[in-house]
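# Structural features, examined
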Amino acid sequence: MIEKEEIVISFVFLIFSFIWGASFGSFGNTLIYRIPRGISILAPSSFCPKCKSPILWYEKIPILSFIILKGKCSRCGARIPYIYFFSELLSAILGVFAFYISTSYISNSSLFLFFPNFFFLWSFLFSAISDIIYLAVPTVLILVSFISAVSARIIDMSDIKFLLLDSFLGVVLGAGTFFIVRLIYALLRKKEGLGEGDVLFMIPVGVYFGFWGTLFCIIISSFFGGLFGLILSIIKRKRDPIPFIPFMFLGVLLNLLLKLKYHDIFERFFQFHF
C-alpha cells in the first residue's frame, strides 16, 4: 500500500513539474521576445507580432495551443515560429528533469531543491536561445541563475565549510578562466572573443557545481564550441560570431547526467579531494 501511494505521489509531482516547466517555458519566450525590444513583460497582454491582435487566454496554453492552432495566428494566419513550441517543450522536460535530480543524488535530497534546480536550468535554456537569436542575454536571466545556484547550495547543507570553499573555487576557476581568455583574445585580435554574458554565467556555474564540476563544464563547452566553430569556418570559410552559452548549457546538462550515475565522478577521475 505504501509503495502504491509513493508511486501515485511521484506521478502527481511529475505531472506538476511538467506543467510547471511548460508554463515557465511560455514565460521565458515572453522574456526573450520583449526585453530586447524594450517592451514591458507585464503589459500589454500577449499579442501576435504581425497583426498585433491580442492572444486569447485559451490560445496561451503552453505546447497544446501551438498544436491546436497548427502553428498559425488565429486572426491573420501568420506562422508562429517553431522555437516557441520547442522551447516550451524543452522547458517542460527540464521541469521533470529538475524533479528527478532533486530527489536522486544530492545528499539532502528534497523537493525544496526542485525550484532552485529548475530555475537554474530554465535560465540557462532561455539564455542559450537568446544567445542564438540575438548573441546577447538578458541580465535578469543571469541573476535568476545566480540566485538559484546559491539557493540550491544553501538547501544542501551537508558540509557548509566544504560547500563554501568548493563554490568559491568554482567561481574563481570558471569566471576567472573565461575573463582571462576574453582579455587575452581582445588584446591579440583587437575584438571580442567571449561575451560578457559568457563570463558572468560562469559565476552561477561555479557556485552550483563547485571546482571539479566547473572544470568539467569548461572542458565540455570549450570542446564542442571549438568543434562547432571549426566546422562552421570550413563550411562558410569565414568567422561569424558563435553563441557560446548553448555549449555551456550542454556542459551543465552532461555534468548533471554524469552525477546522476556517479556522484563523485570528478573527484575519482582527478584523484583529488579538498
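Once a new chain begins, its residue numbering starts again from 1 and follows that chain's sequence as written. The model is predicted, so local features are restricted to residues of pLDDT at least 70 and side-chain atom pairs to those at 80 or more, both for listing and for counting; the totals for chains, interfaces and linings are taken over all residues. Side-chain figures throughout are based on the complete set of non-hydrogen atoms in the structure, without hydrogens or water.

## Side note on the nonpolar core
Nine residue types can take part in a nonpolar core, namely buried Ala, Val, Leu, Ile, Met, Phe, Trp, Tyr and Cys, and a core is a set of them joined through side-chain atoms within 4.5 Å. When accessible area is computed with a 1.4 Å probe and restricted to protein chains, residues below 20% of their type maximum are described as buried, those above 50% as exposed, and intermediate ones as partly exposed. Within the largest apolar cluster, 46 residues are counted, with the highest numbers of intra-cluster contacts made by Phe124 and Val252. Working rule for contacts: check all heavy atoms of both residues, and any pair within 4.5 Å makes them a contact. Those residues within four positions of Phe124 in sequence are excluded, and the remaining contacts are Ser145, Phe201, Val205, Ile245, Met248, Phe249 and Val252. Grouped together as the second largest cluster of nonpolar side chains are five residues, Ala22, Ile63, Phe66 and Ala92 included.

## What about the state of the cysteines?
Our working definition of a disulfide is a cysteine sulfur pair at a distance within 2.5 Å. By the definition in use, this model includes zero disulfides. Summary of cysteine pairing: Cys76 is not part of a disulfide, and the nearest cysteine sulfur, belonging to Cys51, is at 3.7 Å. Using a relative accessible area of 37% as the deciding quantity, one classes Cys76 as partly exposed.

## A look at a nonpolar patch on the surface
A cluster of nonpolar residues, Leu56, Trp57, Tyr58, Ile61, Leu64, Ile67 and Ile68, forms a patch on the protein surface that exposes about 770 Å² of accessible area. Secondary-structure assignment places Leu56 in the loop between helix H1 (2-34) and helix H2 (64-68). Patch membership is restricted to residues that have no salt bridge and whose relative accessible area is over 30%. Joining uses 9 Å for like charges and 5 Å for the nonpolar side chains Val, Leu, Ile, Met, Phe, Trp and Tyr. Residue burial considers only the protein chains on display, and all accessible areas are found by Shrake-Rupley using a 1.4 Å probe. Every case where a carboxyl oxygen of Asp or Glu lies within 4 Å of a side-chain nitrogen of Lys or Arg is listed as a salt bridge. In this description a helix means any DSSP run of H or I spanning at least four residues, a strand means any run of E spanning at least two, and both kinds are numbered starting from the N terminus.

## Brief notes about the packing of helix H4 (residues 114-134) against helix H7 (residues 196-236)
Each pair of packed helices can be summarised by the angle the axes make with each other and by the distance between the axes. In contact at an axis separation of 12 Å, H4 and H7 are set at 160 degrees when each is read in the N-to-C sense. Put simply, H4 runs roughly antiparallel to H7. The crossing of H4 and H7 is left-handed. Listed contacts from H7 to Asn117, Phe120, Ser123, Phe124, Ser127 and Asp131 of H4 are Asp198, Phe201, Pro204, Val205, Tyr208 and Phe209. Three categories are distinguished: nonpolar for Ala, Val, Leu, Ile, Met, Phe, Trp, Tyr, Cys and Pro, charged for Asp, Glu, Lys and Arg, and polar for the others, with Gly belonging to the last. Considering only residue class, the contact of H4 with H7 consists of seven nonpolar, three polar and two charged. Here, axes are lines fitted to C-alpha atoms. For helices the fit covers the stretch in contact, and angles between N-to-C directions go from 0 to 180 degrees. Under this scheme an angle from 65 to 115 degrees is roughly perpendicular, one under 35 degrees roughly parallel, and one over 145 degrees roughly antiparallel; angles in between are oblique. By the definition used in this description, the sense in which the near helix is turned from the far one sets the handedness, with an anticlockwise turn below a right angle giving left-handed and a clockwise turn giving right-handed.

## As for the side chain of Ser17
Within the secondary structure, Ser17 is located in helix H1. Among the residues examined, Ser17 registers a relative accessible area of 1% and is labelled buried. Polar contact is the term for a pair of N or O atoms within 3.5 Å; when the atoms are in protein, one must be able to donate a hydrogen and the other to accept it, and sequence-neighboring residues count only if both atoms are side-chain atoms. A distance of 2.8 Å separates a polar atom in the side chain of Ser17 from the backbone oxygen of Leu14.

## Description of the packing of aromatic side chains
Two rings belonging to Phe, Tyr or Trp (six-membered ring only in the last case) form a pair when the distance between their centres is within 6.5 Å. Interplanar angles under 30 degrees mark stacking, angles over 60 mark edge-to-face geometry, and anything in between is tilted. A full pass over the atoms with the stated rule returns 34 aromatic pairs. Between Phe13 and Phe99, the aromatic rings sit 6.1 Å apart at their centres with planes inclined by 15 degrees, giving stacked as the arrangement. Here the residue Phe13 occupies a position in helix H1, and Phe99 occupies one in helix H3 (residues 82-102), the gap between them amounting to 86 residues. An angle of 85 degrees between the planes, with centres 6.0 Å apart, marks the rings of Phe119 and Trp122 as edge-to-face. With Phe119 and Trp122 both in helix H4 and three residues apart, the pair spans about one turn of that helix. Each member of the pair, Phe119 as well as Trp122, carries the same accessibility label: buried. Each residue in the set Phe16, Trp20, Phe24, Phe27, Phe114, Phe115, Phe118, Phe119, Trp122 and Phe126 is aromatic and connected to the rest through ring pairs, giving one cluster.

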